[in-house]
Amino acid sequence: ALSALGCCATFPNNYQMSVMAEKTADGRRRSKRARRDRGDGPAGEEPTARAMGQLQECLATCHNLVVLSGSGMSVAAGLDTFSSAGGLYEQAQKKFGFRGSNTAKRLFSYKFFQERPSDANKFFAQLHPRLCRAEPTLSHMALARLAQQGRLLRHYTMNIDELHHKAGQPKWTSKHGSREARDPGEKHRLWHGPKSSSVDTADAGHGSQRGAVVEMHGTGLELVCNQRHRTRAAGTHVREHRCGRALACLSCGEPLRWRIMLYGDKDDEAHANIVEPGILHQLRSDSAQADAIIWVGISFEQSATLGYFRTVREALQRDKRLARVPQFVINPDEEAVRHLQDAMCNLDEVPLTEVRSTADQALGCWGNSKASQSKATAVTESLEADPV
């Protein structure tokens, strides 16, 4: 077989290598042009406008949207991201003298919490007032409105600010929900999903509330103990932690920590105390039902976000729907998609559209009831007039 192929085929000479290199480069250029033509690659004004149009069409016509959001969604509310200039990693570096961006992540590790619980709690306590003052942005209001319209199947957030809850979205809880010790004066209202004929009542059961938001990394507004008793953080808790003093749960006497998931929590029982059980199972189930996936304000620099992308992709592949379910990445920074391209094999198999804009620019018009209704009507009419 080798002699039939010939030595040149087995050991290419310089000329053949240069031809192959040119073909490879040409293929990359064609792939890049194709991405630009779809409106999902490094883009100018025209492809960006096309991508925005595709997103608006999706929001107006889909009824099983799955949204995953990151810290970029809350920038307009005045909150910091993790990895941007002046962000939480940089703040940790200055406060604790960490060197290098990777070492700054040490503060957000469970190992650091075990070694220096007072310092970890002190840092998170300093975030609490900012989280309390922040107000929902247009994009938070938009997702709440889409949930009320019955278009949103689920919203998964990696944010710890609860702005989605302030906007009116309920929190998702598993049927094995955590025991809570809350302030008796705090009012809670039960949310049973939008009153819409498009809502699948089979999905409205306990543990899979349609339109609810799943807190994948916990919240910076609650404290929790090892017995999973949750306490709404108050001024007294914040003052004690900022002074470096430990706090005990009033229900069981166990030490309290901030209900924020840290690197390494997944290898410890602490993970079960921070987030609801069954989150990844729910994400796989929702991905299998989704008619579109939207990633908002996520840089894909952290391994956790890449893991979630793989989870969604595998669920769609298992259901043989990967090529049929559009996915959108909303981020003004082109590096977000580049991080995906560097980390994922065969990304071209995913119908991925890059929307190079902020979350408010892309989703903001859906944050008002009249505006969202008129936008949906306009998109629907344009589709009827010029069907694809």
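These numbers were taken from a predicted model, which means no experiment stands behind them. (Residues numbered from 1 in each chain as written. Predicted model: local features only at pLDDT ≥ 70, side-chain atom pairs only at ≥ 80, totals over all residues. Heavy atoms only, no water.)

A. View of the environment of Leu316. By the secondary structure assignment, Leu316 is in helix α14 (residues 303–318). Taking the C-alpha atoms as reference points, Leu316 and Ala288, separated by 28 residues in sequence, lie 5.7 Å from one another. Those residues in contact with Leu316 that sit more than four places away from it in its chain are Ser287, Arg321, Leu322, Val325 and Gln327. (Helix = DSSP H or I, 4+ residues; strand = E, 2+ residues; numbered from the N terminus. Contact = heavy atoms within 4.5 Å.)

B. Representation of the sheet that holds strand β5 (residues 230–232) in the model. As summarised here, the arrangement of the three strands in space is β5-β4-β6, forming an open sheet in which the pairing is antiparallel. Looking at which strands have only one partner, the edges of the open sheet turn out to be β5 and β6 (257–260). Ignoring which end each strand starts from, the neighbouring axes of this sheet average 50 degrees apart. (Pairing = 2+ DSSP bridges. Axes fitted to C-alpha atoms, helices over the stretch in contact; angles between N-to-C directions.)

C. Highlighting the packing of helix α13 (residues 279–289) against α14. Their axes nearest at 8 Å, the elements α13 and α14 cross at an angle of 45 degrees. For the element pair α13 / α14, the angle class is oblique. For α13 against α14, the interelement crossing comes out right-handed. On α14, the residues that touch Leu280, Leu283, Arg284 and Ser287 of α13 are Tyr308, Thr311, Val312, Ala315 and Leu316. A per-class count over the contact of α13 with α14 returns six nonpolar, two polar and one charged. (Parallel < 35°, antiparallel > 145°, perpendicular 65-115°, else oblique. Left-handed = near helix turned anticlockwise from the far one by under 90°. Nonpolar A, V, L, I, M, F, W, Y, C, P; charged D, E, K, R; others polar.)

D. Unusual backbone geometry, seen in detail. Its identity as a non-glycine residue notwithstanding, Arg228 has a phi of 70 degrees, on the positive side. Structurally, Arg228 can be placed in the loop between β4 (218–224) and β5.

E. Geometry of the environment of Phe108. With respect to the helices, strands and loops of the structure, Phe108 is situated in the loop between α6 (101–104) and α7 (110–115). Along the backbone, Phe108 and Phe124 are 16 residues apart, and their C-alpha atoms lie at a distance of 9.7 Å.

F. Representation of the pattern of salt bridges in the model. Under the criterion given, the structure shown has 17 salt bridges. Where Glu222 meets Lys171, a salt bridge forms, and the shortest distance between an N and an O atom there is 4.0 Å. Residue Glu222 is found in strand β4, and its partner Lys171 is found in the loop between α10 (163–166) and β3 (213–215); the two are separated by 51 residues along the sequence. Here Glu222 ties to Arg259 by a salt bridge, and the two come within 2.8 Å at their closest N and O atoms. In this pair, Glu222 sits in strand β4 while Arg259 sits in strand β6, placing the two residues 37 residues apart along the sequence. Grouping residues by exposure puts Glu222 and Arg259 together as buried. (Salt bridge = Lys/Arg side-chain N within 4 Å of Asp/Glu carboxyl O. Buried < 20%, exposed > 50% of the residue type's maximum accessible area, 1.4 Å probe, protein only.)

G. Spatial organisation of the packing of aromatic side chains. Applying the stated criterion across every chain yields a total of five aromatic pairs. Taken together, the ring pairs in this structure connect Trp295, Phe300 and Phe309 into an aromatic cluster. (Phe/Tyr/Trp six-rings, centres within 6.5 Å; stacked < 30°, edge-to-face > 60°.)

Function cannot be read off these values alone, since they describe shape.
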